[in-house]
Amino acid sequence: MSTTHTSLITDRRSGIIPPLIYRQPSTLISRAVTAAAANSRHQSARRGGRNSKRYSVSTFYSMAAEQDVEVQDELAEAQLALRELKSKISSQSKQNFVLERDVRFLDSRIALLINRALDVQNEMASHLEEEDDTFGYFLDDRKMQQYGNLFFLLQSEPRHAATLCRLVSLGEIDTLLQTVMFTLYGNQYESREEHLLLSMFQNVLVAQFETTTEFASLLRANTPVSRMMTTYTRRGPGQSYLKHTLSERINGLLERKELNLQINPLKVQEEILAELEQEYGGELPPGIVKSTSAEEAARDPQVRAAIEPRIVKLIAIANSFLDTIIGSLDHVPYGIRWICKQIKLLTKRKYPDASESAISSLIGGFFFLRYLNPAIVTPQAYMLVEGKPATYPRITLTMASILPMIAKLLQNLANKPSYAKESYMIPTNVFVESNKQRINKFLNDLCEVGDFYESLEMDQYMALSKKDIIISITPNEIFNTHALIQRHINVLAPKEDDHLRILLAEVGPAPQQVPRKQNKALDLQLFSRWEMPIQDLTTTLMSENSITHNDILYMETKAIFVQLLRSLPYLSRPPLRLARIAETAGTANDAQLVRKGIKVKEMLLELEQLGVIDKSDGYSVLAEEIEQELAHLGDLKLRVMEETRSLESVYKTIQDHNNYLHSQLETYKAYLQNVRIQSGGGTGKKQVGIGVQINEVNKGKQKPTKPQTQGPVKFSHQQLERDGIIVETEVPEYRRSSTFLMISSPVPGTYIISLHHKGRSNAIMEIDLKLDDLLEKQQDQIQSLDLKYIKVDVSRTLQLLTKTFLSRNK
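Quick notes on the rules
- Residues numbered from 1 in each chain as written.
- Predicted model: local features only at pLDDT ≥ 70, side-chain atom pairs only at ≥ 80, totals over all residues.
- Heavy atoms only, no water.
- Helix = DSSP H or I, 4+ residues; strand = E, 2+ residues; numbered from the N terminus.
- Buried < 20%, exposed > 50% of the residue type's maximum accessible area, 1.4 Å probe, protein only.
- Contact = heavy atoms within 4.5 Å.
- Areas by Shrake-Rupley, 256 points an atom, 1.4 Å probe, with all protein chains shown as cover.
- Axes fitted to C-alpha atoms, helices over the stretch in contact; angles between N-to-C directions.
- Parallel < 35°, antiparallel > 145°, perpendicular 65-115°, else oblique.
- Nonpolar A, V, L, I, M, F, W, Y, C, P; charged D, E, K, R; others polar.
- Pairing = 2+ DSSP bridges.
- Core = buried A, V, L, I, M, F, W, Y, C linked by side-chain atoms within 4.5 Å.

(A) Representation of the overall build of the protein chain. Counting secondary structure elements, the protein chain contains 30 helices and 11 strands. Taken over 810 residues, the protein chain has a buried fraction of 50%. Of all intrachain contacts in the protein chain linking residues separated by at least 6 positions in sequence, the fraction that spans at least 24 positions is 74%. Per element, the accessible surface of the protein chain, about 39000 Å² overall, is 50% carbon and sulfur.

(B) Highlighting the packing of helix α16 (residues 356-377) against helix α18 (residues 429-446). The geometry of α16 relative to α18 is characterised by a closest axis approach of 9 Å and an angle of 70 degrees between their N-to-C directions. The angle between the axes of α16 and α18 places the two elements in the roughly perpendicular class. Taking contact as the criterion, the partners of E356, S357, S360, I363, G364, F367 and F368 in α16 are, on α18, I439, N440, F442, L443, N444 and L446. Grouping the amino acids of the contact of α16 with α18 by side-chain chemistry returns 7 nonpolar, 5 polar and 1 charged.

(C) Main features of the sheet that holds strand β9 (residues 765-770). In spatial order, the strands read β5-β7-β8-β9; together these 4 strands make up an open sheet with antiparallel pairing. Looking at the sheet topology across the chains shown, the edges are occupied by β5 (710-716) and β9. Taken pair by pair, the neighbouring strands of this sheet meet at an average axis angle of 20 degrees, ignoring direction. Across 6 bridges, strand β8 (residues 750-757) lies against β9 in antiparallel orientation. Across the sheet, L755 pairs through a bridge with M765, a residue of β9. Packed on one face of the sheet, helix α30 (residues 794-804) meets β5, β7 (739-747), β8 and β9 and runs near 135 degrees to β5.

(D) Region of the structure containing the nonpolar core. Counting 116 residues, the largest nonpolar core has F151, L246, I339 and F367 as its most contacted members. Here F151 is in contact with T179, L184, I471, I473, I478, T481, L524 and L526, once residues within four sequence places are set aside. Listed in part, the 42 residues of the second largest apolar core include F561, L564, V600 and L647.

Here's what the structure looks like:
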């Protein structure tokens, strides 16, 4: 390239070459220029604090080109599929969060119903109302615009949500977190929303550290802040990591059905004595006495002999979990690592003399106590057990004791590390001692991630050029957030000219919550009340000497060539012949390609006349930049397809969990129906607002009708065993194919279960089972019910009875 040509390229980039009067640029270029202009204006207006970097238009062009909607090729299709999948995951995660809240609420109320506290029925019914085809609550255009301004401000300035999270009570935090984490920042895979949410976390953590007086209580208590941190880990990326890291280990343990690692001496002695009783016909041999304390039982030689190999196995399993967790460092979601980093930095700032192990214990308190260990202890709730919930392998009582012990060992290790409090756990201290350095290094390595401030700035500037920032939000989420802001406005916006106070005054008082059936999600378009997109882009940029018309011409030419090559990939082999590409497009059968081909030929000529590019060297500078952009987009396509494959399994798991939660609500609905029927005492029917019919006492001279028996319904032993309903059986294997159960329901909520063999007229066993009893056992987390010859899984039996009998009464 000649010296003159090199100089012209430099001049073009510095804005010295006189501009041409140029046509309006494309949408892609407009977005890039708008973002650059906004960045320039913000940079010149900002005073003090961290300086905003002035990014080039070409930087924003690359960001905009990745989402170019003017091209329909394999990359565009892959990106669309990925966006739709991410949207589904975000939406499904929010639905699951709401369902989990309902299940938790009903869990707490079901015990009251079991005790016949019927005054809570209506409260429960409101949580079981089904959606129907009625119209949702309507907001007029003016209110939609006002709320669009308000929620744009809340989204763009996370400090307001952070302050609310500190001000609300523990009873209010879940509703606020639903709006903040699953609606306001609900696009869990979009960098701008994720980074804004993390900025909110930073504000919350800074305030938490400032107000906490004792080091030992930092991030430990059950507060709105700790609930917020736990909820963050339940978003899509956090769940994906848990499944990737823990699922294989946990499912491997579940397959070892005979594994027994009980090391509590009293319980181990009980196991030994139970075997002796069975061996001696139900009585203990002479001289054998049950110990009265764990210490006494631990001195029993038989107990010690049973415990010692179990401790070795337990430590080996805990080490395998630890190896997997440490090896997963690179898969830990960025947001969770960034929160760990903030905990470390804030601890050092407030407690400069704190030891490394003390700092690691705080990080471990979040990463293990709030994140990993709950998933290890209750893997079904975190979708870590393989298969659909209805076909989960049964977690035996023995296994249910192993998982908490593994979690306890990991927590002891991450907690300073500290040592076991129970005397029988003391032998496991060797696990803590041998892994102290490893865990401290891992927890410190978790914090080794970069900050996102610069990329967030670019995302924010790009957002100013968009008109499609839309969130899916329910009226009650809007009104609840509105009410919280209204209540705390003097803390959130103390000055009269604060933007939040101005917007609150415009929108007026917070409306009341609407009925559940009207609380249907609506699309709320967000836009700034103050940051309007720049109208005359070229004039603005020229006045600031930041970009010329020639820069826009050059980028527009590059953008069109990239679009053409994405549509005509066979022409993309280097070296690129730009003139031939333009000619081929200009003579194609596609009208859009023809227009672009003719246009780009004219633009090449203009750039050559300006001396920006040179035809004699094949427009090498422009061709080189186009090749780089295509290479970047090619790599992007591979990343998009890989990410899509990974997220498809996450989405399936979340869907399965959603189905499981719905089945739980169906069980509660059936139980509420049964309670209402029995409390009514008659057969008159009345709608209760949840899609079920109840019986009431008949008035006048109407004769009460006798309840109609449902069933019997026949279920084979093999079918129930295969479905995981029968979990243990004394029926010999050779007779199971001819064994079956008959279940009937003489009155709602009461079941007669009988066990039969083919060829025998009488039942081997018959039992009267109450729905109340099953629900009480589920509430007490009792997993199996002994029916003499068989043991059945409580939760699956509930689902079977609900589906077979109570669902028919709706």
